[in-house]
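Secondary and tertiary structure notes
Now for the letters of each chain:
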Amino acid sequence: MLKRMFSFLAIMFLWSAVAFAGYPEKTITLIVPFGAGGATDIPARVLANMMEKKLGQTIVVQNIVGAAGTQGIAQLFAAKPDGYTLGYTPTGVVCLQPHVQHVPFNRDSFDFIGLVTRQPVVLMSSKVAPWKNFEEMVEIVKKEPDKYVVAITGTANMTHIPVVELAKHFGLKLRYIPYRTTAEVMKDMITGRVHLYADSPVPLSQFDIFGLIQFAEKRAKNLDLPTTKELGFDRDISHWQGLIAPKNLPQEALDKLASVVKEVVESPEFNAELVKMSTNAEWMGPEQFKTFFEKEFDMYGEVLSNLAQKK
Amino acid sequence: MEIIINAIMEAFTPLTVGMNFLGVLVGMLIGALPGLGSVVGISICLPFTYGMHSSAAIALLLGVYAGSVSGGSIASVLLNTPGTPQAACTALDGHPMAKQGKSAQALGWCFAASILGGLFSCVVLILATPTLAAFALEFGALETFALILMGLTCISSVSAGAQAKGLAAGVIGLLLACIGPSPFSSLQRFTFGLFGLSGGIDLVPVIVGVFALSEVIVRAESILYEKRVEAMKGGAIILPGLREWSGRVALLIKSSAIGTFVGIMPGTGAATASFLSYGEAKRSSPRREKFGTGEPDSIIAAESANNAVTGGALVPTLALGIPGDPVTAILLATFAIHGLSPGVRLMAESPEVVYCSFVTLIIANVFLYPTGKITAKLFNYLLRLPEPILMGVVVVLCILGAYGSRGNSVDVIVTVISGIAAYFMRRQGYPMPPIVIGFVLGQQFELSIGQMILFKGDQSWLFYILSSPLACILFLIALILIILPHFSNYMSKKKITSDI
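Residues numbered from 1 in each chain as written. Chains lettered and ligands numbered in written order. Predicted model: local features only at pLDDT ≥ 70, side-chain atom pairs only at ≥ 80, totals over all residues. Heavy atoms only, no water.

Looking at the domain arrangement of chain A
Residues and elements named next belong to chain A. Annotation of chain A at the domain level lists domain 1 (27–118 + 239–310) and domain 2 (122–214). Relative placement of domain 1 and domain 2: their C-alpha centres are 27 Å apart. Taken together, the contacts link 13 residues of domain 1 with 11 residues of domain 2. In this assembly, domain 1 packs against domain 2 so that about 1100 Å² is buried in total across both faces, 72% of it on carbon and sulfur atoms. In this assembly, domain 1 and domain 2 are joined by zero salt bridges. Along the contact surface separating domain 1 from domain 2 lie two residue pairs in polar contact (both at pLDDT 80 or more). Contributions of two or more residues to the side of domain 1 that touches domain 2 are made by helix 4 (91–95) and helix 11 (286–310). Top contributing element to the side of domain 1 that touches domain 2 by residue count: helix 11, with five residues. (Domains from an automatic or database assignment. Contact = heavy atoms within 4.5 Å. Buried area = accessible area lost by both parts, 1.4 Å probe. Salt bridge = Lys/Arg side-chain N within 4 Å of Asp/Glu carboxyl O. Polar contact = N/O pair within 3.5 Å; in protein donor to acceptor, adjacent residues only side chain to side chain. Helix = DSSP H or I, 4+ residues; strand = E, 2+ residues; numbered from the N terminus.)

Considering the sheet that holds strand 4 (residues 110–120) of chain A
All names here are of chain A. The strand order 2-1-3-10-4-11 describes an open sheet built from six strands, whose pairing is mixed. On the outer flanks of this sheet lie strand 2 (59–63) and strand 11 (281–284), each paired with one strand and no other. Here the average twist between neighbouring strands, direction ignored, is 25°. Of the pairings in the sheet, the one linking strand 1 (residues 28–32) to strand 2 comprises five bridges and is parallel in character. Its bridge partner lying in strand 2, I31 is registered against Q62. Its contacts with the sheet place helix 2 (residues 41–55) against strand 1, strand 2, strand 3 (85–90), strand 4 and strand 10 (238–246), and it is angled at close to 165° to strand 2. (Pairing = 2+ DSSP bridges. Axes fitted to C-alpha atoms, helices over the stretch in contact; angles between N-to-C directions.)

A closer look at the side chain of T227 of chain A
In this fold, T227 of chain A is placed in the loop between strand 9 (209–214) and strand 10. The contacts of T227 of chain A, once residues within four sequence positions are left out, are Q214, A216, E217, K218 and R219 of chain A.

Some details on unusual backbone geometry
Residues and elements named next belong to chain A. Positive phi, normally seen in glycine, also occurs at D146, with a value near 60°. By secondary structure assignment, the location of D146 is in the loop between helix 6 (134–143) and strand 6 (149–152). One non-glycine residue, A156, lies in positive phi territory at about 60°. With respect to the helices and strands, the residue A156 is situated in the loop between strand 6 and helix 7 (161–170).

Things to note about the packing of helix 9 (residues 203–224) of chain B against helix 16 (residues 387–406) of chain B
All names here are of chain B. Packing of helix 9 against helix 16 leaves a shortest axis separation of 10 Å and a crossing angle of 165°. Considering their axes alone, helix 9 and helix 16 lie roughly antiparallel with respect to each other. Where helix 9 crosses over helix 16, the handedness of that crossing is left-handed. Contacts from V204, P205, V208, A212, L213, V216, R219 and I223 of helix 9 reach helix 16 at E387, P388, M391, V394, V395, C398, G401, A402 and S405. Considered class by class, the residues forming the contact of helix 9 with helix 16 number 13 nonpolar, two polar and two charged. (Parallel < 35°, antiparallel > 145°, perpendicular 65-115°, else oblique. Left-handed = near helix turned anticlockwise from the far one by under 90°. Nonpolar A, V, L, I, M, F, W, Y, C, P; charged D, E, K, R; others polar.)

Brief notes about the pattern of salt bridges
Pairing between side chains becomes possible if they bear opposite charge and their charged atoms approach one another. On inspection of all chains with the given rule, the structure shows 27 salt bridges over all chains. Across the salt bridge formed by K147 of chain A and E144 of chain A, the nearest N and O atoms sit 3.5 Å from each other. Overall, the relative accessible area of 40% leaves K147 of chain A in the partly exposed class. Overall, E144 of chain A belongs to the partly exposed group, its relative accessible area being 34%. Linking E165 of chain A and R235 of chain A is a salt bridge whose minimum nitrogen-to-oxygen distance equals 2.6 Å. Note that E165 of chain A is positioned in helix 7 and R235 of chain A in the loop between strand 9 and strand 10, a separation of 70 residues in sequence. Each of R248, R287, K290, E295 and D297 of chain B takes part in a single network of salt bridges with overlapping partners. (Buried < 20%, exposed > 50% of the residue type's maximum accessible area, 1.4 Å probe, protein only.)

Section: the sheet that holds strand 9 of chain A
Sheets are built from strands paired through backbone hydrogen bonds, the pairs being either parallel or antiparallel. All names here are of chain A. Across the sheet, five strands lie side by side as 7-6-8-5-9; this open sheet has mixed pairing. Two strands in the sheet have a free side with no partner beyond their single neighbour: strand 7 (175–178) and strand 9. Looking at each pair of strands side by side, their axes are set apart by 30° on average, direction ignored. Looking at chain direction, strand 5 (residues 122–126) and strand 9 are connected through five bridges and run antiparallel. Residue S126 lies in a different strand from strand 9, and its bridge partner there is I209.

Side note on the nonpolar core
Judged by nonpolar contacts, the single largest core of 156 residues is most densely connected at M189 of chain A together with I74, L107, F211, F335, F379 and F455 of chain B. Per-element tally for this core: the top contributor is helix 5 (residues 90–137) of chain B, with 17 residues. (Core = buried A, V, L, I, M, F, W, Y, C linked by side-chain atoms within 4.5 Å.)

A few points about a nonpolar patch on the surface
Taken together, L476, L479, I480, I482, I483, L484, F487, Y490 and M491 of chain B make up a surface patch of nonpolar side chains, about 880 Å² in accessible area. Overall, the relative accessible area of 40% leaves M491 of chain B in the partly exposed class. (Patch = residues over 30% accessible without salt bridge, like charges linked within 9 Å, V, L, I, M, F, W, Y side chains within 5 Å. Areas by Shrake-Rupley, 256 points an atom, 1.4 Å probe, with all protein chains shown as cover.)

A few points about the interface of chain A and chain B
Listed per partner, the contact involves 43 residues of chain A and 46 residues of chain B. Summing both sides of the interface, chain A and chain B together bury roughly 3500 Å²; the carbon and sulfur share of this comes to 56%. Applying the counting rule to chain A against chain B returns zero salt bridges. On inspection of chain A and its partner chain B, the count reaches 11 residue pairs in polar contact (both at pLDDT 80 or more). Contributions of two or more residues to the side of chain A that touches chain B are made by helix 2, strand 2, helix 3 (70–78), strand 7 and helix 8 (182–191) of chain A. If you tally residues by element for the side of chain A that touches chain B, the top one is helix 8 of chain A, at seven residues. Class assignment of the residues belonging to the side of chain A that touches chain B gives a composition of 20 nonpolar, 13 polar and 10 charged.

The structure is reproduced here in structure tokens:
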């Protein structure tokens, strides 16, 4: 009896090992927590498209929208960690939102497959504003506190935190006005109702505005703006996007995915596609990405709790 | 000039025209199915555009856009369950007309109004894009607030005869728009601690529930109580003759202008346009007494306005890179994929793409008629199903559409609840359009009030409002729109008493 059971278990074990050697053997779902055609969706679709060719399986992109991306990532969190449900997330959803609103996932909810894109946050200025560079801006804003307007697309998100940190460091008093989308901000920035806005550098190439500084240690390629480090403010704040999965992904699946994503992210084709979107590809493997994520998560947690105390 | 000729040539290459036709057809079919709308249609077609030449990709997406906006009217007319949010108003008179056995004429009015409204907006687009784009920039928080206030006065005109109930329904709509995070503090409101509601509720489930699902319940009830439901006959479209247009041309132009204007304002959409235009027609049409009984004026108002939005929405999209609605946002992303930098420089750097888009949209509007004929014919097969099965199919599509727009299962529950609630409200004689008007304008209304207060800062209100002549004019119009009906009521009563 025991022997029979043992052999049954042995067969089951072998069978599952064989089954996993063939990962992936069915369609993979990639959850994107923002709408089709957006700044998160398009890199995700390009990545999925190129991964499909290497994995030999279809990847279905599913846009699950709502609550600053947390609806989609919550569904990823609830999915089975079998390697057939993956998520493509930007910084804010996993690093900021858990500190801001009540969400089912936290710091230890995910396995990290790889970082895909990364670029610094840029502080942008309206051309109508009375300054030409960062130093002038600081001087003018200090002279007239609570006059100049910063647009944000949500309280305590990636457009709000960098400016708050900057204002704290340089002693600036600004007015923060919420908008719904970057496009609506741009409308008021062209007319000069809004003076400052912090976001990824994408709008710089599309609208009649200019960049003041980038929140980075060293200058990013294709982005010739002074860094915060050069100004003596050591804050590295970047927009990144990466591929994650629910916790406890089988090792085989993780290894396979990581090697395929690495190939894609480092390929010239992928880089060429991203340049069209004014984005930069940057690869980090599972271990490195996990350490990087945890550092980011804690950093934003600290910043946000300071912000809450101040209020 | 050479650029324009090249653009026209580009728009007429076989592949581009083919993609355009395919887009309009797919859009029309998706739009005609209750619950599935423009965003679903575009999302389905988007992956196919990656490998295409840019003009073909734009033609496909613009085709889907125009097709889905006007396709919704087919289900509105034949089933009284609007295919898309923007076609909800069309059902109000289109369906009664079809009930009288004139479904072909009703669809004829729909398509004639759609095509003319669409072409009107294209003409405006070609002639005045830069000027209008500059005008759209004039609208800051204060001006937007005044504009929405003007829009909200429509609630009073669409609920003629049941003012108190109409206002109550409008307030319900405004309150529904408040569900979810506050735009100013990110605090959650009315979510009962449910995580699924933390993103607020979407327009699609509300409209599908209020208009389509409640209609299914009403029908189920009449099947149950043996009131034999008239089987609808569809499949044909008879365009209205020139003579039938007499006295309605002014309305067509006014409604198209409203649609184009709403399209130009970022952050709105075709649903808003059709309700505002319908409200305005109900206030001012000489045949307003007949609204609700199958009056073509009502169809003209709704359909020309919602299709005129397509052209209007392209104004800020192409001239400024600021999308007028979710669909044009996706269109902009497609430009970026094809290496065109969307934004203020698009018109200067790639004028051929801009003009090609204009021409493509005109062609798409012309294609509405043949694809409409095909779709109406196919829809007829659906109508031949026995009533209970047909209603079952509608329910399935409604739920699918509600889920598909955001992939959030809470939206399904929202659809069901709003459907049941709307059924009871309908039985009590509450008009439904005010709920939707309140809801579509609510979020923007709340945001603009808050922004306005923040922008005002320490200035006095009087000074702040007087600093914008545009806002003053809009406030004045809103005031007139509120007072005028009561004033004319009072005058006519006075006249009656003096006659006696």
